[in-house]
Amino acid sequence: MKKDLGAKAALFPMPVLIIAAYDGEGNVNAMNAGLGTVCGKDRIVLMISANHKTTKNIHETGAFTVALADRRTMAVADYFGIVSGNKVPDKFARSGCHAVRSRFVDAPIITEFPVTMECEYVKTIDTENVYAVVGRIVNVSADEEVLTDDGNIDTSKLNALVFDQFQCSYRIATEKVGQACSIGRTVGDRPSDA
Ligand SMILES: Cc1cc2nc3c(=O)[nH]c(=O)nc-3n(C[C@H](O)[C@H](O)[C@H](O)COP(=O)(O)O)c2cc1C
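Residues numbered from 1 in each chain as written. Predicted model: local features only at pLDDT ≥ 70, side-chain atom pairs only at ≥ 80, totals over all residues.

Colleague: Please give an account of the overall build of the protein that cites residues and values.
Modeller: From N to C terminus, the protein includes four helices and 12 strands. Going through the 194 residues of the protein one by one, you find that 29% of them count as buried. Pairs at least 24 apart in sequence give 60% of the contacts found in the protein among residues at least 6 apart. (Helix = DSSP H or I, 4+ residues; strand = E, 2+ residues; numbered from the N terminus. Buried ≥ 20, exposed ≤ 12 C-beta atoms within 10 Å, placed from the backbone. Contact = placed C-beta atoms within 7 Å.)

Listed below in structure tokens is the structure:
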């Protein structure tokens, strides 16, 4: 029997995205975000609060990076989500992570994270229901260890974290259980040419 849980955002999985940007003096800051997704081939949208240090930095420099957190970077990913650069100016230095400047945009790549999207700021959407930063992905850099032989990202090697908002926990997404755009062909009474 089904139970009603009330009005809640019952979405799972959510990503564990680490958004990084420089401030006007070239200092790195980074934050954790679960409310982000791609919206097109090379566009990304991040629902991040206007008062976060990272959001202010993005508006200041016009660029940011978005890294995928993995099992190895879990603790520091969480740290980026519970400490603010507004209160702790050396937040990034205290994380123990390292960063290099992207060759494509004026934003830092955190070297400890396996996959990073390098983005230029496009616009901010500020309406009654949504506050979001939109970016254009101009490059993806990835550690060789998480790639297939033909240079694509291999999620079975990535050990990417997903955020479980119900249990406020991090989980790992690795196991392949089916082929998308294919397994559905085994279902239903479909004409053979459909
Ligand atoms: C798992 C997790 C997910 C989060 N997702 C978001 C999010 O989607 N949007 C947001 O504005 N803040 C989110 N936060 C909160 C920010 O990461 C947090 O406020 C952070 O301290 C902001 O850092 P900054 O002020 O240094 O930029 C999340 C935090 C955690 C731990």
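Text resumes after the structure shown.
Colleague: Give a detailed account of the site of the ligand, specifying residues and quantitative values.
Modeller: In the vicinity of the ligand lie 21 residues, with L35, T54, G81, S84 and G85 positioned nearest. Listed by contribution, the elements that provide at least two residues to the shell around the ligand are β3 (28-33), α1 (53-61) and α2 (74-82). With four residues, the top contributor of residues to the shell around the ligand is β3. Broken down by class, the residue content of the shell around the ligand amounts to eight nonpolar, 10 polar and three charged. (Near = placed C-beta within 6 Å. Nonpolar A, V, L, I, M, F, W, Y, C, P; charged D, E, K, R; others polar.)

Colleague: Lay out the environment of R101 with the relevant residues and their values.
Modeller: Inspection of the secondary structure assignment puts R101 in strand β7 (residues 99-101). By the C-beta count within 10 Å, which is 13 here, R101 ends up partly exposed.

Colleague: Tell me what's going on with the sheet that holds strand β11 (residues 160-164), and back it up with residues and numbers.
Modeller: Ordered in space as β1-β11-β12, the three strands form an open sheet in which the pairing is antiparallel. Each edge of the sheet is formed by a strand with only one pairing partner; in this case those strands are β1 (14-15) and β12 (169-173). Inspection of the sheet shows β11 paired to β12 by five bridges, in the antiparallel sense. Note on β12: the bridge partner recorded for L161 is I172. (Pairing = 2+ DSSP bridges.)

Colleague: Please set out unusual backbone geometry residue by residue, giving values where relevant.
Modeller: Residue P13 is bonded to the preceding F12 through a cis peptide linkage, with omega at -5°. Examined against the element boundaries, P13 turns out to sit in the segment before β1. Positive phi outside glycine occurs at N159, with the angle close to 55°. One can find N159 in the loop between α4 (155-158) and β11.

Colleague: Just give me the short version of the environment of N86, but keep the residues and values in it.
Modeller: Take N86: it is sitting in the loop between α2 and α3 (91-95). In this structure the C-alpha to C-alpha distance between N86 and K56, which are 30 residues apart in sequence, comes to 9.8 Å.

Colleague: Help me get a handle on the sheet that holds strand β2 (residues 17-22), residues and values and all.
Modeller: Ordered by their spatial adjacency, seven strands build an open sheet running β3-β2-β6-β9-β10-β5-β4, and the pairing between neighbours is antiparallel. Looking at which strands have only one partner, the edges of the open sheet turn out to be β3 and β4 (36-38). Within the sheet, the average angular offset between the axes of one strand and its neighbour, ignoring direction, is 30°. Note: strand β5 (residues 43-46) against strand β10 (residues 131-142), four bridges, orientation antiparallel. (Axes fitted to C-alpha atoms, helices over the stretch in contact; angles between N-to-C directions.)

Colleague: Run through the environment of L46, naming residues and quoting values.
Modeller: Along the polypeptide, L46 turns up in strand β5. Sequence separation between L46 and D143 is 97 residues, and the spatial gap between their C-alpha atoms is 24 Å. Once residues lying within four places of it in the same chain are set aside, the contact partners of L46 are I19, A33, G36, A132 and V133.

Colleague: Would you mind going over the nonpolar core in detail, with residue names and values included?
Modeller: Ranked by size, the top nonpolar core spans 38 residues in total, and within it I18, I19, A20, A30 and F64 carry the most contacts. Breaking this core down by element, the ones donating at least two residues are β2, β3, β5, β6 (63-68), α2, β8 (108-110), β9 (115-126) and β11. For this core, the element with the most residues is β2, which contributes six residues. Look past the residues within four positions of I18 in its chain and what remains in contact with it is A30, N32, A67, A69, A77, F80, I110 and F113. (Core = buried A, V, L, I, M, F, W, Y, C linked by C-beta atoms within 7 Å.)

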